[in-house]
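Chain and residue survey
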Amino acid sequence: MPQNPTGRSRSSSWCTAVLAGLLAVVLAGCGGGGDGGEAAAPQAPGGGGAIPDVSAVVAGVQKDPQLAAMLPPTIAQAGVLALGSNLQSAPNNFYAADGTTPVGYEVDLAKAIAAKLGVTVKYQDMAFGSLITSLQSSRVDLTMAAMNDTAERQKQIDFVDYFTSGITIMVRKGNPDGITGPDTLCGKAVALVQGTSHQEFATEQSAKCVQSGQAAITITATDSDTQNQNQLRTGRVAAILNDLPSAVYISRTAGDGNFFEVVPGEPINGGPYGIGINKTNTQLTEAVRGALQSLITDGTYGKILDAWGVQQGAVQQAGTNAGS
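Please read these numbers as outputs of a predicted model, since none were measured by experiment.

Taken as a whole and judged by the stated rule, the model has 3 cavities of 30 Å³ or more. Computed from the structure, the second largest cavity encloses a volume of approximately 60 Å³. What lines the second largest cavity is simply L81, L83, A110, I113, V121, L142, M144, I275 and V288. When residues of the lining of the second largest cavity are traced back to their parent elements, those giving at least two are strand 1 (80-85) and helix 5 (105-116). Within the lining of the second largest cavity, the residues separate by chemical class into 9 nonpolar, no polar and no charged.

Moving on, we come to the state of the cysteines. Tallied over the entire structure, the rule returns 1 disulfide. A disulfide bridge connects C186 with C209, and the sulfur atoms are separated by 2.0 Å. Where C186 bonds to C209 through sulfur, the torsion about that S-S bond is close to -80°, and the disulfide is left-handed. You can see C186 sitting in the loop between strand 6 (157-172) and strand 7 (189-193) and its partner C209 sitting in helix 8 (residues 197-211), a full 23 residues away along the chain. Of the two residues examined, C186 and C209, each falls in the buried class.

With that settled, consider the nonpolar core. A general trend in soluble globular proteins is that nonpolar side chains are found buried together. In terms of nonpolar packing, the biggest core is built from 59 residues, with Y105, L117, Y162, I275 and V288 touching the most fellow members. Elements that contribute at least two residues to this core include exactly strand 1, helix 5, strand 6, helix 10 (244-253), strand 10 (260-262), strand 11 (268-278), helix 11 (282-298) and helix 12 (300-308). Counting 17 residues, the second largest nonpolar core, distinct from the first, contains I167, L192, A202 and I217.

Between its first and last C-alpha atoms helix 8 spans 21 Å; for 15 residues at 1.5 Å apiece the expected length is 21 Å, and the two agree. Turning to helix 8, its buried residues number three or more, namely S197, H198, F201, A202, Q205, S206 and C209. Against strand 6, strand 7, strand 8 (218-222), strand 9 (239-243) and strand 11 lie the buried residues of helix 8. Once helix 8 ends, the next one or two residues include G213, with phi positive near 85°.

It is worth spelling out the pairing of strand 7 at this point. Burial analysis of strand 7 places 4 of its 5 residues in the buried class, which makes it a mostly covered element. In this fold, strand 7 hands off to helix 8, which returns the chain to strand 8; that crossover is right-handed. In this sheet, strand 9 lies alongside strand 7 in parallel orientation, the contact comprising 2 bridges. Opposite A191, over in strand 9, you have I240 as the bridge partner.

Calculation criteria
Residues numbered from 1 in each chain as written. Predicted model: local features only at pLDDT ≥ 70, side-chain atom pairs only at ≥ 80, totals over all residues. Heavy atoms only, no water. 1 Å grid on protein atoms, 1.4 Å probe; cavity = no way out; pocket = protein on both sides within 12 Å on 5 of 7 lines; lining within 4 Å. Points joined across faces, edges and corners; volume = space filled by probe spheres on them. Helix = DSSP H or I, 4+ residues; strand = E, 2+ residues; numbered from the N terminus. Nonpolar A, V, L, I, M, F, W, Y, C, P; charged D, E, K, R; others polar. Disulfide = S-S within 2.5 Å. Buried < 20%, exposed > 50% of the residue type's maximum accessible area, 1.4 Å probe, protein only. Core = buried A, V, L, I, M, F, W, Y, C linked by side-chain atoms within 4.5 Å. Expected span 1.5 Å × (residues − 1). Contact = heavy atoms within 4.5 Å. Right-handed = clockwise from strand over helix to strand, strands pointing away. Pairing = 2+ DSSP bridges.

Given below as structure tokens:
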């Protein structure tokens with residue numbers, strides 16, 4: 001999947017434009033921290049919440065002695081995995097209302113993986129561009145930050161793939177324009193963020209529409225995800241193209257879940273997110289891969305993704321370096 005200069009699959013303008021709104025949602029609805037440091041949060045219709053409480057699910061994870069024995073001795077003795085992330089990407093990883101507690105489906109998965117290995121997680125928040133070099137210098141043991149596993153990055157680090165993201169179509173609640181997939185975008189107005197892989201896809205899809213004798217897609221490219229949402233709410237566009245986790249989270253939180261919805265289906269041009277690990281640390285790679293696979297098999301993984309509403313991106317097997 002094409003990358004922008006930050007290394008993510010979409011524009012970083014989402015972070016500045018949308019996180020303020022998302023934080024407002026959290027601040028408005030969250031109380032004090034709960035047991036284990038998790039922030040309490042209101043539940044949205046249908047059982048989901050801006051910050052769902054999966055503490056009981058994570059607490060139920062049992063240590064696997066065989067997997068724990070695979071950990072490098074230094075990590076096993078310390079009892080801590082140093083995890084580097086860039087905590088500004090809801091619902092992947094971000095801060096709760098207290099401004100210090102990491103939350104997100106990645107955070108919950110990391111805690112569950114650590115519990116399976118009999119250790120805990122210590123977060124280090126850093127710039128996205130510093131994550132790979134921090135791994136290479138052993139400043140952190142692993143990274144988990146919605147980083148796409150790509151062939152280019154595999155030259156520098158190894159990945160344990162835990163999620164499939166890609167382009168997702170977001171529409172107004174009730175889907176008044178009847179959009180069911182890429183082919184139904186023909187003749188419609190679509191908003192997206194300038195310079196992302198979404199724009200490239202929309203241009204290619206519009207050409208396919210014309211080749212098949214249908215009307216082209218009217219593409220509106222902006223620098224603001226918030227602006228795109230306003231256009232969708234007012235009917236000036238029929239859909240927004242966004243990354244899967246972002247689209248799901250926005251649809252669950254904007255207007256208390258009453259403004260938007262995500263069109264069901266597999267992510268478009270999907271690719272894996274990977275847990276980054278130093279290429280020399282093969283023991284840790286295998287331990288993490290085994291722990292993730294165990295969580296997939298016993299259902300813990302699925303429960304966490306379901307709670308955050310991002311089950312569309314679930315993987316069936318914990319693979320390594322599957323990106324291209």
